[in-house]
Amino acid sequence: MSAQDEHPAQLSAAEAARRMREGLLSAEELVTACLERIRQTEPIVQAWQFLDEALALEQARAADERRRSGQAVGALNGIPVGIKDIIDTGDMPTENGTVLHQGRTPRNDAAVVRQLRASGAVIVGKTVTTECAYFTPGKTRNPHDPEHTPGGSSSGSAAAVAAAMVPLALGSQTAGSTIRPGSFCGVYAMKPSHGLIPRTGVLQLSRTLDHIGLFARRLDDLALLAEELVGFDEGDPDTAPRARMPFTRVLAEEPPITPKLAFVRTPHWERSDADLKHAYAQLVEALGDDIEELELFPSALQAWDWQRLVMETEMAANLEPLWVSGKERLSERLRALIERGREVRAVDHQRVLKALPAVRATFDEIFMERYDAILTPPALGTAPKGLAATGDPLFCVPWTLFGLPAVTLPLLRGANGLPIGVQLVGRRNFDARLLRTARWLEKALG
């Protein structure tokens, strides 16, 4: 099948946008194809919590009318996007994966949804999340093998993109909830620098740890999506006014010099699967002089304990209304986390928060002086068999805690044929450069 004959639902967002600009494809045709694909695959994958086909087609026709009438249109005009069901949508329910919010319909869009609509995107529906974006799984299955987990908590978003239901989707990450399902489902996924994309209107678990997550089937689609979402929002105190990041332009550039990568095993390397160890050994060998092993410095090794303390404390505070009003209807695992968090001393929480800037500064020095990116696994191996758990976020934890940008690339396979991602971590607020390094890595590995 030639690229021109490719089924519309299989197109990347960038390619679909190009065809629409050239009059070769309409938004209605694209959305219709995606809805057909959803009808075919949703009974097995179960990626969607809410879907309104008529509303999606109405948005597509409006996108086509904007283009026909000569109006200025955004970069995502007519492009279908899935939205994790912890991100508010004013015209669709947002139930946060808990029975306690069943039927909840917010009045307003989250900041990222406003940005998507301003860019002309078609909001297809709400994708499944785990309970309150924590560990208790939803109904979604891995598109590569429905007996395996898709990961979590952004399970529906990762699976919907992997199954070619939509070319783009949004998720979130507080531990490993974007990078891990991206790896398990074999798609590109990105956790941007902390504070780069506003979280206003998104279920807050932890101000310190929460990030918006991005899913796509190509790197240039991640760049296209990120470019539309980065910005300041007064509802998110961790965002700041900044110059627009030219993600797509930087991604297309060749690195000025050959990138240097640091291979970081972390102290948890021995817990990873034999498949993953073998695949990464081959990967490091193939990169030769372009990569060298790096041991994390002592304060960075505190990341796992620190992240657990911060997450439990801040989630306990933010989810307290649910705990008070209906703790008996929460899963045992979420209830236990909240109860642990309620016991943490304020002085211990503040001690961790005060330690983080110095660690970030040390990572800044490492990137400035020596490395373009850290290469490390996104998960312990391929997606585990079974649907009772979503996998372990161990290899994502430090980069989330320190707010560094991370991307996973679907470059490897396990012996069982399931995907193994390659995670790259970059310098904070140098997200576009990280994507450029990721593209170089893809080319270097052929």
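Below you will find a few notes about this structure. Please read all numbers here as calculations on a predicted model, not as lab measurements.

**Focus on the overall build of the protein chain**
In terms of helices and strands, the protein chain carries 15 helices and 11 strands. Relative to the compact-globule value of 22 Å for 446 residues, the protein chain shows a C-alpha radius of gyration of 21 Å, a close match. Dimensions along the principal axes, computed over C-alpha positions, put the protein chain at roughly 60 × 55 × 45 Å. Going through the 446 residues of the protein chain one by one, you find that 58% of them count as buried. Counting only contacts in the protein chain whose residues sit at least 6 apart along the sequence, the fraction spanning at least 24 positions is 76%. With an accessible surface of roughly 17400 Å², the protein chain has 49% of that area assigned to carbon and sulfur atoms. In the protein chain, which carries 50 positive and 57 negative side-chain charges, the distance between the mean positions of the two groups comes to 2 Å.

**So, the sheet that holds strand 10 (residues 406-413)**
Spatially, 11 strands are ordered 1-3-2-4-6-5-10-11-9-7-8 in an open sheet, and the strand pairing comes out mixed. Single-partner strands in this sheet number two, and they are strand 1 (48-51) and strand 8 (291-293). For this sheet, the mean angle separating the axes of adjacent strands, direction not counted, is 30°. By the bridge criterion, six bridges tie strand 10 to strand 11 (residues 419-425) in an arrangement that is antiparallel.

**Description of the packing of helix 10 (residues 303-318) against helix 12 (residues 332-341)**
Contact geometry of helix 10 with helix 12 gives a least axis separation of 7 Å together with a crossing angle of 100°. Classified by the angle their axes make, helix 10 and helix 12 are roughly perpendicular. Side by side, helix 10 and helix 12 meet where Met311, Glu312, Thr313, Met315 and Ala316 of the first sit next to Leu334, Leu337, Ile338, Arg340 and Gly341 of the second. Counted by class, the contact of helix 10 with helix 12 contains six nonpolar, two polar and two charged residues.

**Describing the pattern of salt bridges**
Per the counting criterion, the structure on display carries 32 salt bridges. For Arg117, the salt bridge is made with Asp109, and the minimal N-O distance between the two is 2.7 Å. With a relative accessible area of 27%, Arg117 lands in the partly exposed category. We note a salt bridge from Lys385 to Glu147, for which the minimum N-O separation is 3.4 Å. Residue Lys385 is found in the loop between strand 9 (373-376) and helix 14 (397-401), and its partner Glu147 is found in the loop between strand 3 (122-127) and helix 5 (155-162); the two are separated by 238 residues along the sequence. Assessed through its relative accessible area of 62%, Lys385 is described here as exposed.

**Some details on the environment of Ala110**
With respect to the helices, strands and loops of the structure, Ala110 is situated in the loop between strand 2 (80-84) and helix 4 (111-118). Distance in space between the C-alpha atoms of Ala110 and Asp88 is 4.9 Å, their sequence separation being 22 residues. Residues within four places of Ala110 in sequence aside, it is in contact with Ile87, Asp88, Thr200, Gly201 and Val202.

**A short note on the pairing of strand 4 (residues 168-173)**
Of all six residues in strand 4, six are buried; the element is thus mostly enclosed. In strand 4, alternate side chains face the same way, and those of Leu168, Leu170 and Ser172 on one face and Ala169, Gly171 and Gln173 on the other are all buried. Relative to strand 4, strand 2 runs parallel, the two sharing three bridges. Following the sheet pairing, Val81 is matched in strand 4 by Leu168. One ladder, built from six bridges, connects strand 4 with strand 6 (residues 211-216); its direction is antiparallel. Looking at strand 6, one finds that Ser172 is bridged to Ile212.

Rules used throughout
- Residues numbered from 1 in each chain as written.
- Predicted model: local features only at pLDDT ≥ 70, side-chain atom pairs only at ≥ 80, totals over all residues.
- Heavy atoms only, no water.
- Helix = DSSP H or I, 4+ residues; strand = E, 2+ residues; numbered from the N terminus.
- Rg over C-alpha atoms; globule rule 2.2 N^0.38 Å.
- Buried < 20%, exposed > 50% of the residue type's maximum accessible area, 1.4 Å probe, protein only.
- Contact = heavy atoms within 4.5 Å.
- Areas by Shrake-Rupley, 256 points an atom, 1.4 Å probe, with all protein chains shown as cover.
- Lys, Arg positive; Asp, Glu negative; His and termini not counted.
- Charge placed at Lys NZ, Arg CZ, Asp CG, Glu CD.
- Pairing = 2+ DSSP bridges.
- Axes fitted to C-alpha atoms, helices over the stretch in contact; angles between N-to-C directions.
- Parallel < 35°, antiparallel > 145°, perpendicular 65-115°, else oblique.
- Nonpolar A, V, L, I, M, F, W, Y, C, P; charged D, E, K, R; others polar.
- Salt bridge = Lys/Arg side-chain N within 4 Å of Asp/Glu carboxyl O.

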